[in-house]
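Coordinate analysis (summary)
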Amino acid sequence: MDRSGFRALVAREEGGRQSVALATLTDADLPAADVTVDVEYSSFNYKDGLALAGRNRILRHYPIIPGIDFAGTVAQSASPRFRPGDKVVLTGFGVGENWSGGFAERARVKSEWLVALPAGLDARQAMAIGTAGFTAMLAVMALERHGIAKGGEVLVTGAAGGVGSIAIRLLSSLGYRVTALTGRASERDFLESLGAGAILERAAYQAPGKPLQAERWQGAVDSVGGTILANVLAATAYGGAVAACGLAGGADLPTSVFPFILRGVALLGIESVQCPLALREEAWRRLARDLTAADLAAVTEEIGLGDLPARAEAILAGQVRGRTVVNVRQ
């Protein structure tokens, strides 16, 4: 690759207002670190939508390249962990927030943030998974560690989104009975194709409910938060667990201690940004093993760098289905 310049989507601030546009940069524009990666693919997550829309102060300084994920090939390395030519994947660690990220043809990051791409996945497939799918895997692993047995019923909220769609496919392939909670009735066929055996309307769970409700599922993966999470906890069976990994529906949790002290329900927090390396590597190995190329193709759409700004409001409004892969060469 020509090292003289590369394309990137750059966020800048002028007069207190954020702007995002394609630009040509050089290696001198990248932060100092020990590994430079020729990026092949990135992905578009909910947090990326917030960043591009200038919401929630996701971007901590300017100018910066957004993009919280990327996968590609090591071009230069001062780390003994990686050599030029190695295939790597990155999610988290504040990349795309306070460190220039994956919406570019090149990135420079700290070696301890990188994971060697596991056998069975290429760069595009890794970004069909991305932060959303990685988070879904962490949630599934947390339910497994809690002892939620295969064959049990597990609810997935935000079912048609990135975390939800991958969670449904993973849980179904592992032998769980999956119920999908969604606000998009039009996605029924899509959710059933992923393995959801039942579909529930989100509207029935958006109003405050009783602190304890009829026991319905042994476990849940929740990416919504707020009142929906409160209602999910209230309907979780004795000894069950809910893996919480998002707040698209709000950061508050209007519930009581009843599910916890009367039914022994566990609320499992899922944190993917600073996830330790050993757990990170295990999750990526599992993703390579438990998802097929067909599984990933079924939930993935591909776009180019220039298409990203227009997608921000759509993903924040819940209008983006499944996963969006970003081909940074387009």
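Described below are features of the structure shown in this document.

As for the overall build of the protein
When its secondary structure is counted, the protein shows 9 helices and 15 strands. Relative to a compact globule of 330 residues, whose C-alpha radius of gyration would be 20 Å, the protein shows 20 Å and is just as compact. Structurally, the protein occupies a C-alpha span of about 65 × 45 × 35 Å along its principal axes. A burial count over the protein gives 55% of its 330 residues as buried. Considering only contacts within the protein whose residues lie at least 6 apart along the sequence, 71% involve residues at least 24 apart. Roughly 13,300 Å² of accessible area belongs to the protein as shown, and the carbon and sulfur atoms make up 50% of that amount. Charged side chains in the protein number 33 positive and 33 negative. The centres of these two groups are separated by 3 Å.

Side note on the packing of aromatic side chains
Inspection of the entire model under this criterion finds 4 aromatic pairs. Pairing Tyr205 with Trp217 gives two aromatic rings, centres 6.3 Å apart and planes at 45°, and the pair type is tilted. Remark: Trp217 occurs in strand S11 (residues 217–222) and Tyr205 occurs in the loop between strand S10 (196–201) and S11; sequence separation between them is 12 residues. Just as Tyr205 is buried, Trp217 falls in that class too. Site record: aromatic cluster; members linked through ring pairs are Phe93, Trp99 and Trp113. Stacked on the ring of Phe190, the Lys or Arg Arg321 has its end atom at 4.3 Å from the ring centre.

Some words on unusual backbone geometry
At the junction of Tyr62 and Pro63, the peptide bond is cis and its omega measures out at -10° in the coordinates. Mapped onto the elements, Pro63 comes out in the loop between helix H1 (46–52) and strand S4 (69–77). Phi at Phe93 takes a positive value of approximately 65°, unusual for a residue other than glycine. Tracing the backbone through its elements, the reader meets Phe93 in the loop between strand S5 (87–91) and strand S6 (106–109). Given a relative accessible area of 15%, Phe93 falls into the buried group.

Let's talk about a nonpolar patch on the surface
A contiguous nonpolar patch, built from Val257, Phe258, Ile261 and Leu262 and spanning about 390 Å² of accessible area, is present on the exposed surface. Its location among the elements puts Val257 in the loop between strand S12 (236–244) and helix H6 (258–262).

Digging into helix H7 (residues 277–290)
Helix length check: H7 (14 residues) gives 20 Å between terminal C-alpha atoms against 20 Å at 1.5 Å per residue, within 8%. Among the residues making up H7, those that are buried are Arg280, Ala283, Trp284, Arg286, Leu287, Ala288 and Asp290. Buried residues in H7 make contact with S5, strand S7 (115–116), helix H2 (123–146), helix H3 (162–173) and helix H8 (293–298).

Brief notes about the pairing of S12
It is a general feature of regular strands that their side chains alternate between the two faces of the sheet. Most of S12 sits inside the fold, with 7 of its 9 residues counted as buried. After leaving S11, the chain enters helix H5 (residues 226–234) and then returns to the sheet as S12, a path that is right-handed. Bridge count for S12 against strand S13 (residues 266–269) is 4 bridges, and the pairing is parallel. Looking at the pairing, Ala241 lines up with Ala266 of S13.

What to know about the packing of H2 against H3
As a packed pair, H2 and H3 sit with axes 8 Å apart at the nearest point and diverge in direction by 55°. Regarding the angle of H2 to H3, the classification is oblique. By crossing handedness, the relation of H2 to H3 is classed as right-handed. Two secondary-structure elements touch here, H2 through Ala128, Ala132, Gly133, Thr135, Ala136, Met137 and Val140 and H3 through Gly162, Val163, Ile166, Ala167, Leu170 and Leu171. For the contact of H2 with H3, the residue count by class is 10 nonpolar, 3 polar and no charged.

Side note on the packing of H2 against H7
Closest axis-to-axis distance for the H2/H7 pair is 9 Å, and the angle between their directions is 105°. By the angle class used here, H2 and H7 are roughly perpendicular. Contact with H2, carried on its side by Ala126, Ile129, Gly130, Gly133, Phe134, Met137, Leu138, Met141, Glu144 and Arg145, involves Leu279, Arg280, Glu282, Ala283, Trp284, Arg286, Leu287 and Asp290 of H7 and no other residues of that element. Residues belonging to the contact of H2 with H7 are distributed by class as follows: 10 nonpolar, 2 polar and 6 charged.

Cut-offs used in this document
Residues numbered from 1 in each chain as written. Predicted model: local features only at pLDDT ≥ 70, side-chain atom pairs only at ≥ 80, totals over all residues. Heavy atoms only, no water. Helix = DSSP H or I, 4+ residues; strand = E, 2+ residues; numbered from the N terminus. Rg over C-alpha atoms; globule rule 2.2 N^0.38 Å. Buried < 20%, exposed > 50% of the residue type's maximum accessible area, 1.4 Å probe, protein only. Contact = heavy atoms within 4.5 Å. Areas by Shrake-Rupley, 256 points an atom, 1.4 Å probe, with all protein chains shown as cover. Lys, Arg positive; Asp, Glu negative; His and termini not counted. Charge placed at Lys NZ, Arg CZ, Asp CG, Glu CD. Phe/Tyr/Trp six-rings, centres within 6.5 Å; stacked < 30°, edge-to-face > 60°. Lys NZ or Arg CZ within 6 Å of the ring centre and 35° of its normal. Patch = residues over 30% accessible without salt bridge, like charges linked within 9 Å, V, L, I, M, F, W, Y side chains within 5 Å. Salt bridge = Lys/Arg side-chain N within 4 Å of Asp/Glu carboxyl O. Expected span 1.5 Å × (residues − 1). Right-handed = clockwise from strand over helix to strand, strands pointing away. Pairing = 2+ DSSP bridges. Axes fitted to C-alpha atoms, helices over the stretch in contact; angles between N-to-C directions. Parallel < 35°, antiparallel > 145°, perpendicular 65-115°, else oblique. Left-handed = near helix turned anticlockwise from the far one by under 90°. Nonpolar A, V, L, I, M, F, W, Y, C, P; charged D, E, K, R; others polar.

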